[in-house]
Amino acid sequence: MLRVLHNTNIDFIRLWRISTAFSLLVILPGLIWILVSGFHYSIEFTGGTLKRIEFRDPAPGVGDVRAALAAGGLPQVEIQTFGSPNELIMRAQDPETVALQDRGAEVVSRQITAALDAKFGADAYEVRSTEGVGPKVGSELRRNALIALAIAFLTTLIYLAWRFEWRFGLAAVLATIHDILATLAFMKYMNIEISLFVVGALLTVIGYSLNDTVVVFDRVRENLKKFPKTGLYDILNRSVNETIPRTVLTGSTTLATLLSLIIFGGSVIRPFAWVLLWGIIIGTFSSVYVASPLLLWINHKWPRHSAAVGRADRLAQATRKTERDRSVPAR
Amino acid sequence: MKLKHRIAIILALVAGSLWTLYPRTVVERVKRDGVFHYDTVQRVPLKRGLDLVGGIHMALEIDESKVVVPDKAAALTNALTVLRNRVDEFGVAEPVVQQVGNERIIVELPGIDDPVRAQDIVQKSAFLEFQITDETDALTKALPRLDGIIKSRGLGLAPGARADTATSSPAAGLGSLLQRDTSDTARVAADTGARDTAAATTGGPGALSRLLQAGTIPGEFMVAAENVGAIEHYLSLPEIQAALPPGKVVRWSSDSTVIANSVYRPLYVLDARPIITGQYIQDAQPNQDPLEGTLVTFELNNEGGRQFRRETGRHIQDYMAIVLDQRVMGRPPVIQGAIGTRGQITMGGQDLAAAQDLALVLRAGALPVPLKIVESGTIGASLGQDAVEQGVRAGILGLALVILIMVVYYKLSGVFAVGGLVVYALITLAVLAQFGAVLTLPGLAGFVLSIGMALDANFLIFERTREEMDAGKTSRAAIDEGFEHAWSAIIDTHVTTALTAAILYQFGTGPVQGFAVALLAGIAASLVSAIFVVRTFFLIWLHRTGGTKPVSI
């Protein structure tokens, strides 16, 4: 039988100082940087025009293209090569251009085409994709993304509160906030543009990170019943150790699929996959090193209905219900 | 449940999924070279999104900067019907025209790569009116008054007029023309402004009448090309609009004419009441005539024909302007006698494609309200092809890695898990096909990602089973315990993921929704596969071995 991390007995909780220091080291500089210079938002959120074109050989230089657009009255368009020197991405995202698109999202794209046609001729290039977003749609999406994040957070909170005791729920939510902050910091470090797709990745990270924490806490709940005399500290360590093979295996298969997405998934998928990759690493880390110490701390801080006291009641209930519990899978 | 029944259910699931995914023969109505073809194609019934096949998508809203719409909901419903007709006439396979929310219509045209043409088709109002040109010299009589208004209120062109004229110009939508238009107008503005001052001091002819020359038919005026902007500006002023002769409207011609080496744009004064509108059009076809060039012939229905005959009979020897979207098409012809159900619209110098598109929008009906594109995108077919290849390659690599991990790590149980994964993939795709979900690139990503997550349930079960075996339980007992104890964690993880996916679906748009749907289908399939299918594999194994051997896990 091949096994990873079998029968470990690592005192994970003891390492909380180191893990906290690590978390702060990752999160704080990123947060400060975000507060200072903000994020880079995609045109979906700001409005604007994004055009991807491929020149036939010989491809003009970026400077020529810039000059052509400037001559067409579009000096503010950002131009980058993409992959090969023949492929260009043009992005018009400044407030003036966006305001122009209030009249119609296609206006700027047509202006770009006209400017390029005038200089290079319509046959010199092929438009691979165009995206024009009017300012109204942009602000709408911004609002929707925020609402989605907030609701995702609230519903999972409510679900956890219903499934677990509130201390567990609070610890899981705090751990998830940790993951979100760490992922945001990562996005800032990697200069990943915030698009709708990346917000989707962020929501998936929330779900995944909660999963991990829930699996550990599920085991904590079970062990609290099983070993009524053991303290929470040892129970937590025991539960983390028992679930660590699953944590590592799920993490690694998900990472394997994400790696294949990063390698082969192409430019649209890649930022999304990077955010998820990091989110899953940090989610796995936090379910071991953040959620459990937090639970211990919360339990220490509000000990009145602590596990030690509550356990006696639950144990009494559990013994009464043992028969039923064994025949019906635990709720 | 008996083992036999379990196996039967799994076989039924697999067979049902395969049946759902089996390539079907469908007939597609596609337009090629202006003619509809009915193509029979074999296809897996999984709809692919625009990002995979290439095409154009647009989101449209009522343009309230142009009109005040009292009942937006009704107007949008009407617009939706008209757009459906037009897109249907456009002839693309599997188009999407649907309303989202309260005020937006989305249009998706797979396989189309000419955004300008597509945007024109959905945006053109196609409001056709037949109006008699003014016989009473109403504008000429009103001109001194209009000149007076301009003079007394100091409405001569000021530098600030630039923006006004640019927006009122119908060419404003065309970015390329916009630039030129604006500069032209500015030049005219500076020009006329200077002359205005001169006129005011020297007491010359009025600002407006100076720019107009009477044409050769009643109600026609010729405007030199360089003065078009100035006239447009004057006519857009509220003071002037209020003072225009009542019961008349002023409309530009769609083309310019050349008289004695200078370019003129005709301006027509028309009776405001149309003798008939385009709502009675029953058919319209593009045509080419050696003398008149490109034209569109149309046919009215019986009711329209009666009205047309009656009205034209009343206006014999008058001139009738054919006005499309407030532009007079061609030169108004004189009415020789009562006209019945047939007529034609000359298109001037425009090409046959333009005539085809005009015939199309006339057949499909006029848009009740002007629409504005609030979001639009074009994806080239080559890009879509790349995306499919990338998605498939990523999927295969991901799958291979996952299978490797499972089989190396869990041996026979790993093989069971992989078997469960196959069922999982089949069910997921079948569910997507069944609900008509659209497979997008993010959807593919969601599918690949959920493969990794689908195995989570297996890990929970297998690891638990190992623990139970370490505790000295028999294979059968250990497997039972493994499934039983992992259940609560499996449910929790699936529910939390399903919740986020549902929220993504609710608040996301197109691509993100594709991702959410794939994730949701994956979660459901993963539950079935891990809890039911993989367990059945174990039961078969236990049945075969009698449960005496330690399970290979």
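Rules and cut-offs
Residues numbered from 1 in each chain as written. Chains lettered and ligands numbered in written order. Predicted model: local features only at pLDDT ≥ 70, side-chain atom pairs only at ≥ 80, totals over all residues. Helix = DSSP H or I, 4+ residues; strand = E, 2+ residues; numbered from the N terminus. Buried ≥ 20, exposed ≤ 12 C-beta atoms within 10 Å, placed from the backbone. Rg over C-alpha atoms; globule rule 2.2 N^0.38 Å. Contact = placed C-beta atoms within 7 Å. Nonpolar A, V, L, I, M, F, W, Y, C, P; charged D, E, K, R; others polar. Pairing = 2+ DSSP bridges. Core = buried A, V, L, I, M, F, W, Y, C linked by C-beta atoms within 7 Å. Axes fitted to C-alpha atoms, helices over the stretch in contact; angles between N-to-C directions. Domains from an automatic or database assignment.

**Brief notes about the overall build of chain B**
Then comes step 1: A count of helices and strands for chain B gives 15 helices and 20 strands.
Then comes step 2: Buried residues in chain B amount to 44% of all 553 residues.

**Re the overall build of chain A**
Then comes step 1: Along chain A, the regular secondary structure elements total 12 helices and 4 strands.
Then comes step 2: Expected size for 331 residues packed as a compact globule is a radius of gyration near 20 Å; at 26 Å, chain A overshoots this value by more than 25%.
Then comes step 3: Considering only C-alpha atoms, chain A reaches an extent of 85 × 45 × 40 Å along its principal axes.
Then comes step 4: Put simply, chain A has 331 residues, and 46% of those count as buried.
Then comes step 5: At a minimum sequence separation of 6, the contacts of chain A that also span at least 24 residues come to 79%.

**Some points on the interface of chain B and chain A**
Then comes step 1: Listed as interface residues are 65 residues of chain B and, on the opposing side, 64 residues of chain A.
Then comes step 2: When residues of the side of chain B that touches chain A are traced back to their parent elements, those giving at least two are helix 4 (115-123), helix 7 (175-202), strand 19 (371-379), helix 12 (381-434), helix 13 (441-470), helix 14 (475-507) and helix 15 (510-545) of chain B.
Then comes step 3: When the residues that make up the side of chain B that touches chain A are grouped by side-chain class, the tally is 37 nonpolar, 20 polar and 8 charged.

**Considering the pairing of strand 1 (residues 48-55) of chain A**
Residue and element names in this part refer to chain A.
Then comes step 1: Among the 8 residues in strand 1, 6 count as buried, and that is most of the element.
Then comes step 2: Summarising the sheet, strand 1 and strand 4 (residues 125-133) pair through 8 bridges and their orientation is antiparallel. Along strand 4, the bridge assignment pairs L50 with E131.
Then comes step 3: As defined by bridge partners, strand 1 adjoins strand 3 (residues 84-92) across 6 bridges and the pair is classed as antiparallel. Its bridge partner lying in strand 3, T49 is registered against A92.

**Here's the deal with the pairing of strand 16 (residues 320-324) of chain B**
Looking along a regular strand, one sees the side chains alternate between the two faces of the sheet.
All names here are of chain B.
Then comes step 1: Among the 5 residues in strand 16, 5 count as buried, and that is most of the element.
Then comes step 2: Note that strand 7 (residues 128-132) and strand 16 share 5 bridges and pair antiparallel. Along strand 16, the bridge assignment pairs E129 with V323.
Then comes step 3: Summarising the sheet, strand 16 and strand 17 (residues 327-328) pair through 2 bridges and their orientation is antiparallel. Note on strand 17: the bridge partner recorded for V323 is V328.
Then comes step 4: What sits between strand 16 and strand 17 in their antiparallel hairpin is a turn of 2 residues, with D325 showing a positive phi close to 50 degrees.

**Remarks on the nonpolar core**
Then comes step 1: Counting 210 residues, the largest nonpolar core has A172 of chain A together with V296 and L362 of chain B as its most contacted members.
Then comes step 2: It is helix 12 of chain B that contributes the most residues to this core, 19 residues altogether.
Then comes step 3: For V296 of chain B, the contacting residues outside a window of four places in its chain are A284, Q285, P286, N287, Q344, I345, M347, A355, L358, A359 and L362 of chain B.
Then comes step 4: Core analysis: the next-biggest nonpolar cluster, separate from the first, contains 16 residues, I53, L69, L88 and A114 of chain A among them.

**Some thoughts on the sheet that holds strand 18 (residues 342-346) of chain B**
Residue and element names in this part refer to chain B.
Then comes step 1: Spatially, 3 strands are ordered 14-15-18 in an open sheet, and the strand pairing comes out antiparallel. The outermost strands of the open sheet, each flanked by one partner alone, are strand 14 (281-289) and strand 18. Strand-to-strand twist in this sheet, taken as the mean axis angle between neighbours without regard to direction, amounts to 25 degrees.
Then comes step 2: Most of the contacts of helix 11 (residues 352-364) go to strand 14, to which it runs at about 170 degrees, and overall it touches strand 14 and strand 15 (293-300).

**A look at the domain arrangement of chain A**
Then comes step 1: Each domain of chain A was delimited in the assignment, giving domain 1 (13-39 + 138-327) and domain 2 (48-133).
Then comes step 2: Domain 1 of chain A and domain 2 of chain A are separated by 43 Å when their C-alpha centres are compared.

**Let's talk about the sheet that holds strand 4 (residues 55-62) of chain B**
Then comes step 1: Taken in spatial order, the 8 strands make up an open sheet running 2(A)-3(A)-1(A)-4(A)-19(B)-4(B)-6(B)-5(B), and their pairing is antiparallel. The strands lining the two open edges of the sheet, one partner per strand, are strand 2 (78-82) of chain A together with strand 5 (96-100) of chain B. Averaged over all pairs of adjacent strands, the angle between their axes in this sheet comes to 20 degrees, without regard to strand direction.
Then comes step 2: Examined bridge by bridge, strand 5 of chain B and strand 6 (residues 104-110) of chain B share 5 bridges and lie antiparallel to one another. Bridge pairing links V96 of chain B to E108 of chain B in strand 6 of chain B.

**Here's the deal with unusual backbone geometry**
Then comes step 1: In this chain, D57 of chain A is followed by P58 of chain A through a cis amide linkage whose omega measures -10 degrees.
Then comes step 2: Mapping P58 of chain A onto the fold places it in the loop between strand 1 and helix 3 (62-71).
Then comes step 3: The phi dihedral of N191 of chain A falls on the positive side, at around 55 degrees, and the residue is not glycine.
Then comes step 4: Note that N191 of chain A resides in the loop between helix 7 (166-189) and helix 8 (196-226).
Then comes step 5: Even without glycine at this site, K411 of chain B takes up a positive phi of about 50 degrees.
Then comes step 6: Its location among the elements puts K411 of chain B in helix 12.

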